[in-house]
Amino acid sequence: GMFGTWSAGAGSSGAADTPVNDLVLAYILFSLAIPPLVMWIYQMVFFGIAWYTCRYHLHRPKSLADMSGSLPGVSIVKPLMGIDTFLEGNLESHFTLQYPKYELLLCVQDEQDPVIGLVNNLRERFPNVDCRLFIGGKDGIVNPMVHNMVPAYENAKYDLVWVSTSRIRASTPILMDLVARAVQDPTVAIVHQLPFMRNDSVHGMAAIVEKVAFGCNLGKQYLSLSQLGTHIFTGMSYLVRKPYLDKVGGLAYYGRYLAEDFCLSRDLLISGYQLVLSAFPAEQMVATASLPSYKDRMVRWWRLRLSMMPVVTLVLEPLTESLLLGAYTSWAVYYLFDVNPYCAMLVHLAVWIILDYAQLKRIQNGPLPFSFPAFLAAWWLRELLNWIVYAQGLANPRRVFWGRSTYKLQHGGLTTAVTSKPSVPM
């Protein structure tokens, strides 16, 4: 077979009568067998760093006890569009925060949006909360969410701005931890949260797939890269020092990118500021999880990453995926050590699945809302969907569909609207 021919070529490479071609092939195959082993070890190290971060950082909030009386004010910017099952609860959680000095800046694109009625109802129920509603956006900004948020951001009273998208549920401990980590060191520009989902929004297989996606592969990369101080950041929920962001151009400047979170955090890092991870994963409440919408979002994110980090996205990222890395590593251990590749693949998958499940439970810090068999089914679904994401992403890499609009990406992430109907999908 193929494997047998390759190993025979490698084994006889030292013989005097070996043709030059066989020797060259042996060197090529040997050099191809080393990268997957390095990458596999690298991923195991990442599992270890993620475990360490879960154990010693997550769910261990920083205390603000010694600062009572002088807590800094916080402006919470929340972009909204439409109403879903969880929105009222998400919004109410911001009105009921036990924090001495904060303002709620709610942003709606369209004055006909039914969410305005809900906002007015909450403002009547909580008259003591400093809350302002901004309708419309700032012209000339391509990114629909940034377009919607900029008027609120530019009118924020306080230096600390918490960008909390519509799916995010707030809590006092989360806000306290965000603030404590922001004020601990003047070089901290952003405190961000690991993307995750609350248990009570996980209903049906699509929602389980989302939870597994956030808590396993993405969670491992996010936790380990954050721990190593490397650039990793998502704009789902983060606290930013407004004067620092304004120094590198302000929020409006980054509206020329669809991945404004990646670009603004990169520029803050380059300017010498720090990004710090919160002790709490983001409490995301997703009302309408479906596999097609999950897949479409992953395609959008993949194309955005491709436009900004082509080599990482095309070459390295697929090698962090268990199926490709497992298959490649199984061939490498067969070629180098004559280990049965099918046994190697089974052991690899068993180890990876167990480590993923253990990590998901650590991030959750409590019981999961589904059984281990349901986790297994979701794990495999995510793995297989991922290859559909790669194929679809590559088929039209410069085109991004978001909400009701289509955008064209340039190298470096700069974006132009192809068709534009104002919408602010989260």
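Per an unreviewed UniProt entry, the recorded name for the protein is ceramide glucosyltransferase, and the organism is Macrostomum lignano. Looking at the protein in UniProt, the text filed under Sequence similarities (unreviewed entry) is "Belongs to the glycosyltransferase 2 family." The protein has a UniProt comment under Subcellular location (unreviewed entry) that states "Membrane".

Under the UniProt annotation, the feature "transmembrane region" (unreviewed entry) is placed at residues 25-52, 302-320 and 332-355. Secondary structure across residues 302-320 divides into 74% helix and 0% strand, with the first and last C-alpha atoms of the span separated by 14 Å. Between the C-alpha atoms that bound residues 332-355 there is a distance of 22 Å. The span itself is 88% helix and 0% strand.

When the terminal C-alpha atoms of helix H15 (residues 341-364) are compared, their 34 Å separation across 24 residues agrees well with the 34 Å that a helix rising 1.5 Å per residue should span. The residue sitting at the N-terminus of H15 and contributing the capping side-chain oxygen is Asn-340; that oxygen lies 2.8 Å from the backbone nitrogen of Tyr-342. Backbone geometry just downstream of H15 places Asn-365 in the positive-phi region, at approximately 60°.

For the rest of this paragraph, the subject is the sheet that holds strand E9 (residues 405-409). Pairing in this open sheet of three strands is antiparallel, and the strands run E8-E9-E10 from one edge to the other. One side of each edge strand has no neighbouring strand; the edge strands of this open sheet are strand E8 (399-402) and strand E10 (415-419). Strand-to-strand twist of the sheet, defined as the mean angle between neighbouring strand axes without regard to direction, takes the value 35°. In terms of strand pairing, E8 meets E9 through four bridges, oriented antiparallel. Counterpart to Arg-399 in the pairing with E9 is Lys-408. Contacts between helix H12 (residues 291-308) and the sheet are confined to E8 and E9, with E8 contributing the most and set at about 140° to the helix.

Below, the discussion takes up the layout of surface pockets. Here the largest pocket is characterised by a volume of approximately 1400 Å³. Along its surface, the largest pocket is lined by 50 residues, and Leu-218, Ile-232, Phe-233, Trp-301 and Arg-305 are the ones closest to its centre. Looking at the lining of the largest pocket, the elements that each hand over two or more residues are helix H2 (20-56), helix H7 (205-215), helix H8 (217-227), helix H11 (260-270), H12, helix H13 (310-316) and helix H16 (372-395). Sorting elements by how many residues they give to the lining of the largest pocket places H12 first, with nine residues. Split by domain, the lining of the largest pocket shows at least three residues from each of two domains, domain 1 (61-193 + 236-288) and domain 2 (306-417).

About the criteria used
- Residues numbered from 1 in each chain as written.
- Predicted model: local features only at pLDDT ≥ 70, side-chain atom pairs only at ≥ 80, totals over all residues.
- Heavy atoms only, no water.
- UniProt positions renumbered as here; feature names shortened; annotations may be inferred.
- Helix = DSSP H or I, 4+ residues; strand = E, 2+ residues; numbered from the N terminus.
- Expected span 1.5 Å × (residues − 1).
- Polar contact = N/O pair within 3.5 Å; in protein donor to acceptor, adjacent residues only side chain to side chain.
- Pairing = 2+ DSSP bridges.
- Axes fitted to C-alpha atoms, helices over the stretch in contact; angles between N-to-C directions.
- Contact = heavy atoms within 4.5 Å.
- 1 Å grid on protein atoms, 1.4 Å probe; cavity = no way out; pocket = protein on both sides within 12 Å on 5 of 7 lines; lining within 4 Å.
- Points joined across faces, edges and corners; volume = space filled by probe spheres on them.
- Domains from an automatic or database assignment.

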